[in-house]
Amino acid sequence: MKHMKKTLFKPSTKKRLFYLYVITYIPLLLCILAGSEYAKHRLKQQSMQYNHTTISLQLATVDTTLNHISNYLASFLLDEENYSSLLAGVPDLSEQTDILNSFTKYLDTYNGCSSLFFYLPKQDILIFQSSNYDSYSERLEMRSYIRQACRERTWPATTPQIRGWSFLRMTRKSYLMELMEYQNVYVGAFAAGEYVFSDLKELTENTKGTLILTNQDQAEDFLFGPTDINRKDCVSISVDSSQNHYRILLYIPEKYVLGAFSWFHYGILALFAVTFLFLTITLIATWKQMVSPLIRMISAMKAVQKGDFDSRLPVPDTRDEFAELTETFNYMISRIHDLKLQVYEEKLSHVYAELEYLTLQIKPHFFPNCLNLIYSLGLSGRSELVAEFSSTLMKYFRYLFKSSDSMVSLNQELEHVKNYLHIQQIRFQNNLEAKFDIEPAAESMTIPVLTLHTFVENTFKHAYLDSSNMQLIITASPLIQEGVLSLVLCIEDNGTGFSLEDLEKLNLKPEHTVSHTNGQHIGISNVKQRLWYIYGYDISLTFENRPEGGARIRLILPQKGEEHELTSCR
């Protein structure tokens, strides 16, 4: 969790760019989308309110017309003189003719009504006058309905009963019907819906909607518009008549509610998509042209920091500032690489010179002792020992002053050490016991020249006492560690061993050896420096004292081939 938090809030250019995109662009796009949706919602509400108001005004006009008809029928019903003879049971044809003429005159004056009727259930006298736009079958259906509706009442009303206009569905048409009753006398009217609400037909054409006439009983009839409209995909507007018993429903398809704004809304959505795509492409392009080159350059710099001077960056073909920066970086790395090689070669030359100097410094180390020994043997008159010593010494110096090759086989170094030990046996009168435990596989392995000789010589210089018999044990064996073949050398003696101060100094890392010798163990210090130059930190050299007395030097040298190159310039 802590690592994730650290990674999330770690400052970087790519994160800042991403956060800028998220914090700035996305809210802007969301505001555009939200504003469009809000405008769509508001316009939708206003459109519905406009259509609702239009229908309400039209219904108010229709109700005014219907109320005029209702007032006419009520006046006719309450004036008994209009049908006094018929009400008395006298079939007066003139009175029936007067009623029919009165209905005809009214229909000719007011075209809002399609039919008027007068009905006496007891005498089954029905006076029915219809407009010309009602067919014969429609008139028969209306007559049948009048008789059925009026006969359902079994007692006369003592006061006028005005039901109000209500929706009625016939076989072929839908009507608004008014039925009034007084003393078992019925008058009424039919108003065809398609004529009464004809002014609303233009509204359905403009909105592509469907207008439906219905009542409280959920009976309904299509007035105008398509009959196969899917109401689930529509917006409905319902307006009830404030004075009568019917309702107008307008279903407008969702896509036509906003009219021309729908295209504007689609344009905003398209603009939103294009803007989002443009900003995303801009972000990606910015990422590729600015952030990615920076990331590649940072990676290359880290590689250079780790020592990889072969890192090169591909030069972009944009020819902008980043291309120039990349070319400058590649040139700088190339120059650093050349300078590093130059410095490396200079250090390598210095190391070779120092290595040669250390080798030459070891070679004359034994000269005074050899001359002193020859002088002593000559004074004692031991000419045979002088001859033997001279022969051995010749072989010794021939190896010592051989060519400046840095590496020899262990077998060659051992032959030289044996010559040196023979010289020491002559010197110390056979008070020396040397043991060699060399595995055959180790004889052909290579070591730096005079390495083993220096450690053996150091034994005689610092560990031997004239009053004691000296023992020297040299062992050599191959060792394989992690797939690497190494040579293990061990030099042991029965001398006085190392002091604690000497052990502390001798076991220091090679780069600290010279500065801590203080004039002692110069030969060993030189060997350590040579080994360090040749092998680097791949070697293991330890100095310790044996539990039974004496010193032990253990050396592990990796074998990488017949000839070792200088691997370090430290």
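Residues numbered from 1 in each chain as written. Predicted model: local features only at pLDDT ≥ 70, side-chain atom pairs only at ≥ 80, totals over all residues. Heavy atoms only, no water.

### Describing the overall build of the protein chain
Then, in step 1: Secondary structure summary: the protein chain contains 17 helices and 17 strands in total.
Then, in step 2: Contacts spanning at least 24 positions in sequence make up 64% of the contacts within the protein chain whose residues lie at least 6 apart.
Then, in step 3: In the form shown here, the protein chain has an accessible surface area of approximately 32000 Å², with 56% of it arising from carbon and sulfur atoms. (Helix = DSSP H or I, 4+ residues; strand = E, 2+ residues; numbered from the N terminus. Contact = heavy atoms within 4.5 Å. Areas by Shrake-Rupley, 256 points an atom, 1.4 Å probe, with all protein chains shown as cover.)

### Comments concerning the sheet that holds strand 12 (residues 432–438)
Then, in step 1: Ordered by their spatial adjacency, 5 strands build an open sheet running 12-14-15-17-16, and the pairing between neighbours is mixed. Here the strands that pair on one side only, and so sit at the sheet edges, are strand 12 and strand 16 (540–545). For this sheet the average axis-to-axis angle between neighbouring strands, irrespective of direction, equals 15°.
Then, in step 2: The sheet strands contacting helix 15 (residues 451–462) are strand 12, strand 14 (470–481), strand 15 (484–493), strand 16 and strand 17 (551–558), and the helix crosses strand 14 at an angle near 150°. (Pairing = 2+ DSSP bridges. Axes fitted to C-alpha atoms, helices over the stretch in contact; angles between N-to-C directions.)

### Here's the deal with unusual backbone geometry
Then, in step 1: Positive phi outside glycine occurs at N184, with the angle close to 65°.
Then, in step 2: Along the chain, N184 turns up in the loop between strand 5 (174–182) and strand 6 (185–192).
Then, in step 3: Positive phi values are uncommon outside glycine, yet K208 reaches one of about 60°.
Then, in step 4: Positionally, K208 belongs in the loop between helix 7 (201–207) and strand 7 (210–214).
Then, in step 5: Residue class for K208 comes out partly exposed when judged on its relative accessible area of 46%. (Buried < 20%, exposed > 50% of the residue type's maximum accessible area, 1.4 Å probe, protein only.)

### Some thoughts on the pattern of salt bridges
Then, in step 1: Considering all chains together, one arrives at 10 salt bridges under this definition.
Then, in step 2: For R546, the salt bridge identified is with E492, shortest N-O distance 3.5 Å. Of this pair, R546 sits in the loop between strand 16 and strand 17 while E492 is found in strand 15, placing the two residues 54 residues apart along the sequence. Of the two residues examined, R546 and E492, each falls in the buried class.
Then, in step 3: The residue R552 makes a salt bridge to E492 at a minimum N-O spacing of 3.1 Å. In this pair, R552 is assigned in strand 17 and E492 in strand 15, connecting sequence segments 60 residues apart. (Salt bridge = Lys/Arg side-chain N within 4 Å of Asp/Glu carboxyl O.)

### Topic: a nonpolar patch on the surface
Then, in step 1: On the surface, a cluster of nonpolar side chains totalling about 370 Å² of accessible area is made up of F18, Y19, V22 and I23.
Then, in step 2: The class for Y19 is partly exposed, based on a relative accessible area of 33%. (Patch = residues over 30% accessible without salt bridge, like charges linked within 9 Å, V, L, I, M, F, W, Y side chains within 5 Å.)

### Some details on helix 5 (residues 136–151)
In an α-helix, one turn spans 3.6 residues, which is why side chains three or four residues apart end up on the same side.
Then, in step 1: Taking 1.5 Å of rise per residue, 16 residues should cover 22 Å, and helix 5 covers 23 Å from first to last C-alpha, within 8% of that figure.
Then, in step 2: The complete set of buried residues in helix 5 reads E138, M142, I146, A149 and C150. Down the axis, helix 5 shows its buried residues gathered within 90° of arc, on one side only. Exposed residues on helix 5 whose side chains face more than 90 degrees from its buried face are Y136 and Q148.
Then, in step 3: Where helix 5 is buried, its residues meet strand 1 (115–120), strand 2 (125–130), strand 5 and strand 6. (Expected span 1.5 Å × (residues − 1). Arc of directions from axis to C-beta.)

### What about helix 4 (residues 93–109)?
Then, in step 1: Between the first and last C-alpha of helix 4 there are 24 Å, a value that for 17 residues agrees with the 24 Å anticipated at 1.5 Å per step.
Then, in step 2: What helix 4 keeps buried is the set E95, I99, F103, Y106 and L107. Taken down its axis, helix 4 places every buried residue within 115° of arc, on the same side. Of the residues in helix 4, the exposed ones pointing more than 90 degrees away from the buried face are L93, D98, K105, D108 and T109.

### A few points about the packing of aromatic side chains
Each pair of aromatic rings is reported with the distance of its centres and the angle of its planes.
Then, in step 1: With the rule as written, the count across this model stands at 10 aromatic pairs.
Then, in step 2: Ring centres 6.0 Å apart and planes at 80° place the aromatic pair Y175 and F190 in the edge-to-face group. One end of the pair, Y175, is in strand 5; the other, F190, is in strand 6, and 15 residues separate them in sequence.
Then, in step 3: According to the relative accessible area criterion, F190 is buried, its value standing at 0%.
Then, in step 4: Taken together, the ring pairs in this structure connect F76, Y83, F103 and F118 into an aromatic cluster.
Then, in step 5: One Lys or Arg, K418, reaches over the ring of F436 and ends 5.2 Å from the middle of that ring. (Phe/Tyr/Trp six-rings, centres within 6.5 Å; stacked < 30°, edge-to-face > 60°. Lys NZ or Arg CZ within 6 Å of the ring centre and 35° of its normal.)

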